[in-house]
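Chains, contacts and geometry: an overview
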Amino acid sequence: MLFRLTNLQKNYGHFEALKGITLEMDTHAVGLLGPNGAGKSTLLKALLGLLPISGGSGEVLGMRLPEDAQAIRRAIGYMPENDCYLPYMTAVDYVSFNGQLCGMPRKDAFRRAHEVLFYVGLGEARYRKLGSFSTGMKQRAKLAQALVHGPRLLFLDEPTNGLDPKGRDEMLTLIEDVRTRDIRIVLSTHLLPDVERICDSVIMLNEGQLVHQGPIDALQTGEEELIEVQTHLQDDEFKRHLEAADFDVIADHDRLKIRVPKDRCLDDILSLAVESDIQIRHFMPERLTLETAFLRLLNEADDPSVSR
Amino acid sequence: MAIRDQVYTRYDGTIREQYAWAVIGWTGFRTYWAFWRTKLTLLAVWLPPLFFALLVVAEYALQSQMGQLGDGEATPGVGMITLFLQVQIFSLALVYAANGCGIISDDLRHRTIQLYFSKPITRLDYGAGKYLTLLLLGTVAVIIPAGLLAMLRSAFYAQSGMLSDIVFMHIKGLLLAVLLVAVMSAMVIGLSSLTRRTGYAVLAWIGVLLVPLILHAIFGVASEGSPLAALWSLPGTTGLASQALVGGGENLPESVPIWSPFAVYAALLGAGLGSLYWRISRLEGIA
């Protein structure tokens, strides 16, 4: 079992950062999604055993929090979001040092540091100081330090942050390869395409509450159809009419994304447009992307009256 | 840049569950050692011990010529040890100003603390490891030269009847050197724990050494040379501690309680380590 959380709570004074998360997940790669302030980082830190939990209980890889926090950290590789290295350390010293902190003997850590630096593509730069690295190289060095001790689970916090498209693609290719090496992955990111590419399940948080957990496929293959509509400068008005007719509508830039439940048909939307004197300019069935599903779930969480 | 230069292999070797503090301490020392400024400052602070070594050789030559080696009643050299330790205070201050003041502040500034604590280490490991780094620097700057000088001087007295007294005196001198390094390391780590800017820690370190020296002078004049005024500064306190410990308290002024310099040391040690404790106990969300 990857995670088993029961009513996990974390309070900062009177502020409830995690409001009783209960979930069970046993998957290979899970995406941790949520807007800023949703509690993603708090949950990650709680799962790492860095934050004392205020209530409830949790298990990571079958180890209990907080009793087994040290063992959990030994089994996990953590790649933090922001830069966290001493710029005057060389890459090989940095990675080797992190290996030793995980309990590896010095010689093993040093040999292993070379191996993982070659693995992440920093073999030629391993004796360079980290301060001279580009953003992409720093991200790779952070990945290397997370991998050095051979973790069973990898926590990746925004691993493609600040990377150009090519660098991002390379990093995701690396992570995909890591995934095939029997290492489980928890990916926390704002970039939903990254989650779609790497993960098979998602955990969605909003304001400290669990919004959704489960496989991505189930999220993308709902029973409802999704239609993308554009009107002639009447999107807001049409949205109001659609919502009054019990359609679930998301405004996305200059288009409306309408979920069509199984008991309704596309003609209902067109009829409604005719009745409301709305001029339709674009009407296209769309694949339900993770982004759309995410926005819909957030809408529902913010306003429970929004029907599915 | 290649995406992967070789395939990933799993690590199945040994994992130890102890001694993270030693890893942190030794790696910190090695990292400092790699700097040119560390090597240069250590080279500079070894010059005074070299001068003291010449004095020891001169003492031996002079006393051999006069045939007095070992003939004196009292154990000679207490004043020299006191002076040596007082000089080493400034040497160690230089080493720490150049290298040690970033010991915690660099971790705060570069956010490496969150990385440390994502590993299976405790706060005690972290604090002890960082303190060990400074102790190792202090060992190279002060304790090793003091040990070498003690051995040199003891060797010159090997054939005299005073050997055991001399050796015992130097062991006490070495103990005082260790205590001094421990106190100064605690002061530096305490100051470094208060800020994320190493420059501020350096300025505070200089201030912490210089301001008490000025107060020592002011109170010395105001009290018409009272020996208690020496307790205001670290060199003054070290002078009194040397007279109390190495000299056996024979030359300690009557107005100065024998415990007083050690109480000052304990206060400084406590303040420094207390500041470190304060910092690492306020790391919720990081550790």
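In the block above lies the structure referred to throughout.
To keep things clear, this report deals only with the structure shown in the data block.

So, the packing of aromatic side chains
For any pair of aromatic rings, the description consists of the separation of the ring centres together with the inter-plane angle of the planes. All names here are of chain B. Enumeration over the complete set of coordinates arrives at 15 aromatic pairs over all chains. Plain terms: the ring middles of Phe 52 and Phe 84 are 5.2 Å apart, the flat faces sit at 85 degrees to each other, and that makes the pair edge-to-face. You can see Phe 52 sitting in helix α3 (residues 47-66) and its partner Phe 84 sitting in helix α4 (residues 78-98), a full 32 residues away along the chain. Each member of the pair Phe 52 and Phe 84 is classed as buried. Ring centres of Tyr 116 and Tyr 126 lie 5.1 Å apart, and the angle between their planes is 65 degrees; on these two criteria the pair is classed as edge-to-face.

Digging into empty space enclosed by the protein
In the structure shown here, the tally under the stated rule is three cavities of 30 Å³ or more. As a volume, the largest cavity reaches approximately 190 Å³. Within the residue set of the lining of the largest cavity, elements represented by two or more residues are α3, α4, α7 (123-156) and α8 (163-192) of chain B. One number sums up the size of the second largest cavity: a volume of about 140 Å³. As for the second largest cavity, its lining consists of 16 residues, of which Leu 86 and Tyr 88 of chain A together with Gly 28, Thr 31 and Lys 130 of chain B are closest to the centre. If you list the elements that add at least two residues to the lining of the second largest cavity, you get α1 (20-33), α5 (105-109) and α7 of chain B. Tallying contributions element by element places α1 of chain B first for the lining of the second largest cavity, with five residues.

Re the sheet that holds strand β6 (residues 76-79) of chain A
All names here are of chain A. Spatial ordering of the open sheet is given by β6-β7-β8-β3-β9-β10, a layout of six strands whose pairing is mixed. Both edges of this open sheet fall to β6 and β10 (209-215), since each of them pairs with a single strand only. In this sheet, neighbouring strand axes are inclined to one another by 15 degrees on average, regardless of whether the strands run parallel or antiparallel. Sheet topology places β6 next to strand β7 (residues 153-157); four bridges connect them, and they run parallel. Looking at the pairing, Tyr 78 lines up with Phe 155 of β7. Against the sheet, helix α1 (residues 40-48) engages β3 (29-33), β6, β7, β8 (184-188) and β9 (201-206), with an angle of about 150 degrees to β7. Sheet strands in contact with helix α5 (residues 135-147) are β6 and β7, and its direction is about 165 degrees off that of β6.

Conventions used here
- Residues numbered from 1 in each chain as written.
- Chains lettered and ligands numbered in written order.
- Predicted model: local features only at pLDDT ≥ 70, side-chain atom pairs only at ≥ 80, totals over all residues.
- Heavy atoms only, no water.
- Phe/Tyr/Trp six-rings, centres within 6.5 Å; stacked < 30°, edge-to-face > 60°.
- Helix = DSSP H or I, 4+ residues; strand = E, 2+ residues; numbered from the N terminus.
- Buried < 20%, exposed > 50% of the residue type's maximum accessible area, 1.4 Å probe, protein only.
- 1 Å grid on protein atoms, 1.4 Å probe; cavity = no way out; pocket = protein on both sides within 12 Å on 5 of 7 lines; lining within 4 Å.
- Points joined across faces, edges and corners; volume = space filled by probe spheres on them.
- Pairing = 2+ DSSP bridges.
- Axes fitted to C-alpha atoms, helices over the stretch in contact; angles between N-to-C directions.
- Contact = heavy atoms within 4.5 Å.

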